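Architecture at a glance
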Amino acid sequence: MAVMTTAAAVIVDGAAYAQAVEDAVKASAAYYTGGTSGLDDETYDLLVRGIAAWEAEHPEQVLPGSPTGKVAGGAVEGDVPHTVAMLSLDNVFSAEEFTAWAASLARRIGHEAERFSVEPKLDGLAIAARYDRGRLTRLITRGDGTAGEDVSHAIGTVEGLPDELGEPVTVEVRGEVLMTTAQFEHANEVRTGHGGQPFANPRNAAAGTLRAKDRAYTVPMTFFGYGLLPLPDTEADLAARLGGLAHSDLMREAAALGVNTTAGTAVPGSTADTAEQVLARVAEIAALRAELPFGIDGIVVKADLAADQQAAGSGTRAPRWAIAYKLPAVEKITRLLEVEWNVGRTGIIAPRAVLAPVEIDGSTITYATLHNPADITRRDLRLGDHVMVYRAGDVIPRIEAPVAHLRTGDERPIAFPEVCPHCGSGIDTSEQRWRCENGRNCHLVAALSYAAGRDQLDVEGLGHSRVVQLVEAGLVADLADLFSLTRDQLLGLERMGETSTDNLLAAIASAKGRPLSRVLCALGVRGTGRSMSRRIARHFATMDTIRAADAEAMQRVDGIGTEKAPSIVAELAELAPLIDRLVAAGVNMTEPGATPPPPAGSDAEEQAVDAGSAAGPEAAAGGPLAGMTVVVTGAMTGALEALSRNQMNELIERAGGRSSSSVSKKTTLVVAGEGAGSKRAKAETLGVRLAAPEEFAALVADFLG
Ligand code: IVH
């Protein structure tokens, strides 16, 4: 986990202090009402810490409205009073600060906290949902903590908050309303479709959507409960029972009533007996953050037992029995300077955002992905826009949305290319992803470098610059040309002596013997990366069978659906002359160990389908990993040390298993080497079996080498 700074803004005098308070109050008001303040979270925290530091030195000059003293957010006229104050949380930013907090809690209650509950800090906004005899009657925002806005009009649009509880009880459920990444994208699409301005991030979108009345459209949000309390009308015995329950029990109770909690997510709330255990769980949740379908900005740690909570008590702003362990900010606002259009090895023309450099969680971000032209239009992005950029873990940075209210009017539309930016040919815009009409011949160097790469044909000595040389000399115009290169042609090139020439020719000759899966992958058919190429090759066993397959037959390969199948079939047909030349050059076109499927319509095929092996013979193959889905993570050691990730995946499939790159409930085994991070954590959370590289090597020993 990255170390977070607890730096504070430096405030030099009373005037700067007053300004800082004003800025922070404005930002905070915007935050709680769904606006965008222009301050990202990290800058806000920096400012508030600066304010706190100055106030510590000048206690007599503390302004009444300071964000350090009150419950954040401001009350609005007509608010509904909360029966119990909706408090905020104090923050810690490091393991040391957390340990110090746990120690101060122990001092306050006279003993170590009996148990902690640890749950993600969901990045949305707090809401109180009142249920009257089991029916949802009222939704109230937190407001200033003592009273909040009635947003009952949103009832019915918040998933996870049922209209009716499992039992006719009168209770208040508290929790966070947010938008998942998918809900956010949908919301912005709908909103801009109605001529509105996009929301900058999911949190803003949830806040704005929740408060909006009389919209022509509704967009769904998600609720996660983190509190359950009695209301004045609650039956006395239920009220007494709830009051005595540990937080973890309350969460079970809420879930049993039908309220959504974090229990069903990859980061369920859990309990820990010691501060060390809490820190281990914090690290696990932090490692899973990048993969979650919703935003979290920290981990909330609570004394679990009601008795410990009561003994600790609460301050005016926050309880003393709970703390937010903040994680580094993963969002920053920066400018969109330019959009580059890059042509990939298959001729796909992909836009990429060039950003004013911005630091997020310790690395400087200068580029972000943009998927395709439609994606740009949908997000209403313009050059010069301030954009909210998201980056967590090792995910590729992405733009969440423009910060529309920071527009000056000087923003310019993003120009889409009219001809291929690489070769000047026309562009096929019939699909979402645009493609050069020249296809893979457009960026021949990229296509050939990929084909010669380690995980494809593995032609040693044929790196990028050598490929450029061959293409520029006119010796190679497609993949098949590689195999007809002569000694004299190569010797005629600059920097090619006898030894390099002979080595390169030998490397090319040995590339002819690679398995079909690698040859197929080297062809660069769209939608057939490394693992898909292996699946196709193992399913069909020979290039002839692949070429004979129609879309229906292609769909029998695990992971190929109705959309992909026809395009793969069509592209292979286009490649027929090239494949014929490869065959003529002596390139291998079979997959070792695989057998072709029975011809369509035969008895044998029907039996295979009946037996549930729709994924083809590769799934039914024996071997120690038959029926298993295996994920490899971390550095391999021992007998597996020299294997690339691709070779590990090949090994898994040779041994009858299925390789995958992400851990889910469907994963059977995770091979975790040194330095394994989030995937190991996820496996542990899901209870998936883990194996060290050595243990795995023993399991597949017969298939090694
Ligand atoms: S408990 C009295 N648990 O974080 C305890 N809050 O920064 C109050 N939040 O106002 C809150 N996830 O909106 C709690 N698992 C969680 C939370 C959580 C997110 C929010 C909540 C709160 C804010 C404080």
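Described in the following lines is the structure provided in the data block. (Residues numbered from 1 in each chain as written. Predicted model: local features only at pLDDT ≥ 70, side-chain atom pairs only at ≥ 80, totals over all residues. Heavy atoms only, no water.)

This part covers the overall build of the chain. Summing up its helical and strand segments, the chain has 26 helices and 25 strands in all. Seen through its C-alpha atoms, the chain measures out along the principal axes to roughly 90 × 60 × 50 Å. When each of the 705 residues of the chain is scored for burial, the buried share is 50%. Counting contacts in the chain only where the partners sit at least 6 residues apart, residues at least 24 apart contribute 70% of the total. Accessible area of the chain: about 31,200 Å², with a carbon and sulfur share of 51%. Side chains of the chain give 65 positive and 92 negative charges; the mean places of these two sets differ by 1 Å. (Helix = DSSP H or I, 4+ residues; strand = E, 2+ residues; numbered from the N terminus. Buried < 20%, exposed > 50% of the residue type's maximum accessible area, 1.4 Å probe, protein only. Contact = heavy atoms within 4.5 Å. Areas by Shrake-Rupley, 256 points an atom, 1.4 Å probe, with all protein chains shown as cover. Lys, Arg positive; Asp, Glu negative; His and termini not counted. Charge placed at Lys NZ, Arg CZ, Asp CG, Glu CD.)

Neighbouring the ligand are 14 residues; Glu119, Arg142, Glu176, Tyr226 and Lys302 lie closest to it. Between Lys121 and the ligand, the recorded distance is 3.1 Å, taken from a side-chain N or O atom to an oxygen atom. Take Leu122: an N or O atom from its main chain is 3.0 Å from a nitrogen atom of the ligand. Contact with the protein chains removes 88% of the 520 Å² of surface that the ligand exposes when unbound. (Near = heavy atom within 4 Å. Polar contact = N/O pair within 3.5 Å; in protein donor to acceptor, adjacent residues only side chain to side chain.)

Here we have 5 strands laid out as an open sheet, ordered S5-S4-S8-S9-S7, and mixed in their pairing. Of all the strands in the sheet, just strand S5 (135-141) and strand S7 (158-159) have a single pairing partner and so form its edges. Pairing geometry for strand S4 (residues 125-132) and strand S8 (residues 171-178), over 7 bridges, is antiparallel. Bridging from a neighbouring strand, Leu125 pairs with Val177 of S8. (Pairing = 2+ DSSP bridges.)

Let us look at the packing of aromatic side chains. Applying the stated rule across the entire model yields 9 aromatic pairs. Seen from their ring centres, Phe98 and Phe116 are 6.4 Å apart, and the 65° between their planes marks the pair as edge-to-face. A residue pair is termed long-range when its members are at least 10 positions apart, and Phe98 in helix H3 (residues 95-109) and Phe116 in strand S3 (residues 116-122) qualify at 18 residues. By the burial criterion, Phe98 is buried, and Phe116 matches it. (Phe/Tyr/Trp six-rings, centres within 6.5 Å; stacked < 30°, edge-to-face > 60°.)

This paragraph deals with helix H15 (residues 498-511). Here H15 is 14 residues long and its end C-alpha atoms lie 20 Å apart, about the 20 Å a rise of 1.5 Å per residue gives. Every buried residue belonging to H15 is among Thr501, Leu504, Ala507, Ile508 and Ala511, and all of these are buried. Viewed along the axis of H15, the buried residues span an arc of 130°, placing them on a single side of the element. Facing away from the buried side of H15, by more than 90 degrees, are the exposed residues Glu498 and Thr499. The inward-facing, buried residues of H15 abut helix H12 (464-472), helix H13 (479-482) and helix H14 (487-491). (Expected span 1.5 Å × (residues − 1). Arc of directions from axis to C-beta.)

Turning next to unusual backbone geometry. One non-glycine residue, Arg133, lies in the positive phi region at around 45°. The residue Arg133 is located in the loop between S4 and S5 in this model. You will see that Asp214, though not glycine, has its phi angle at about 55°, which is positive. Among the structural elements, Asp214 can be located in the loop between helix H5 (202-211) and strand S9 (221-230).

Right, let's talk about a negative patch on the surface for a bit. Among the surface-exposed residues, Asp428, Glu431, Glu437 and Glu563 lie close enough to one another that they form a single negatively charged patch. Turning to its location among the elements, Glu437 is positioned in the loop between strand S21 (435-436) and helix H11 (444-452). For Glu437, a relative accessible area of 58% translates into the label exposed. (Patch = residues over 30% accessible without salt bridge, like charges linked within 9 Å, V, L, I, M, F, W, Y side chains within 5 Å. Salt bridge = Lys/Arg side-chain N within 4 Å of Asp/Glu carboxyl O.)

The next thing to look at is the sheet that holds strand S23 (residues 658-660). Strand order across the open sheet formed by 4 strands is S23-S22-S24-S25, with parallel pairing between neighbours. Taken across any chain shown, the strands that pair with only one partner, and hence form the sheet edges, are S23 and strand S25 (689-691). Neighbour to neighbour, the strand axes of the sheet diverge by 30° on average, direction disregarded. Looking at chain direction, strand S22 (residues 629-633) and strand S24 (residues 669-672) are connected through 4 bridges and run parallel. Bridge pairing in S24 places Val631 opposite Val670. Each of S22 and S23 touches helix H24 (residues 645-654); the most contacted strand, S22, lies at about 160° to it. (Axes fitted to C-alpha atoms, helices over the stretch in contact; angles between N-to-C directions.)

For the rest of this paragraph, the subject is the packing of H3 against helix H8 (residues 275-288). Relative to each other, H3 and H8 sit at 145°, their axes nearing to 10 Å. Along this stretch, H3 crosses H8, giving a crossing that reads as right-handed. From H3, Ala95, Phe98, Thr99 and Ala102 reach across to H8, where they touch Ala275, Val278 and Leu279. Across the contact of H3 with H8, the residue classes tally to 6 nonpolar, 1 polar and no charged. (Left-handed = near helix turned anticlockwise from the far one by under 90°. Nonpolar A, V, L, I, M, F, W, Y, C, P; charged D, E, K, R; others polar.)

The contact between H8 and helix H25 (residues 678-686) brings their axes to 8 Å, and the two run at 115°. In terms of axis orientation, H8 runs roughly perpendicular to H25. Relative to H25, H8 is oriented so that their crossing is left-handed. On H25, the residues touching Arg281, Glu284, Ala287 and Leu288 of H8 are Ser678, Ala681, Lys682, Glu684 and Thr685. Looking at the contact of H8 with H25 residue by residue, the classes come out as 3 nonpolar, 2 polar and 4 charged. (Parallel < 35°, antiparallel > 145°, perpendicular 65-115°, else oblique.)

Moving on, we come to the pairing of strand S14 (residues 349-360). Two elements, strand S13 (residues 331-343) and S14, share 7 bridges in a ladder whose sense is antiparallel. Looking across to S14, one finds that Leu336 is bridged to Leu355. Connecting the antiparallel pair S13 and S14 is a turn made up of 5 residues, with Gly347 showing a positive phi of about 90°. In terms of strand pairing, S14 meets strand S15 (residues 363-369) through 6 bridges, oriented antiparallel. Its bridge partner lying in S15, Val358 is registered against Ile365.

Our next topic: the pattern of salt bridges. Close approach of charged atoms allows side chains with opposite charge to pair. Counted according to the given criterion, the structure contains 36 salt bridges. Two residues, Glu650 and Arg518, come together in a salt bridge whose shortest N-O distance is 2.7 Å. Separated by 132 residues along the polypeptide, Glu650 in helix H24 and Arg518 in helix H16 (residues 516-523) bring together distant segments of the chain. Bridged by salt links that share partners, the residues Glu189, Asp375, Arg378 and Arg379 form one connected network.

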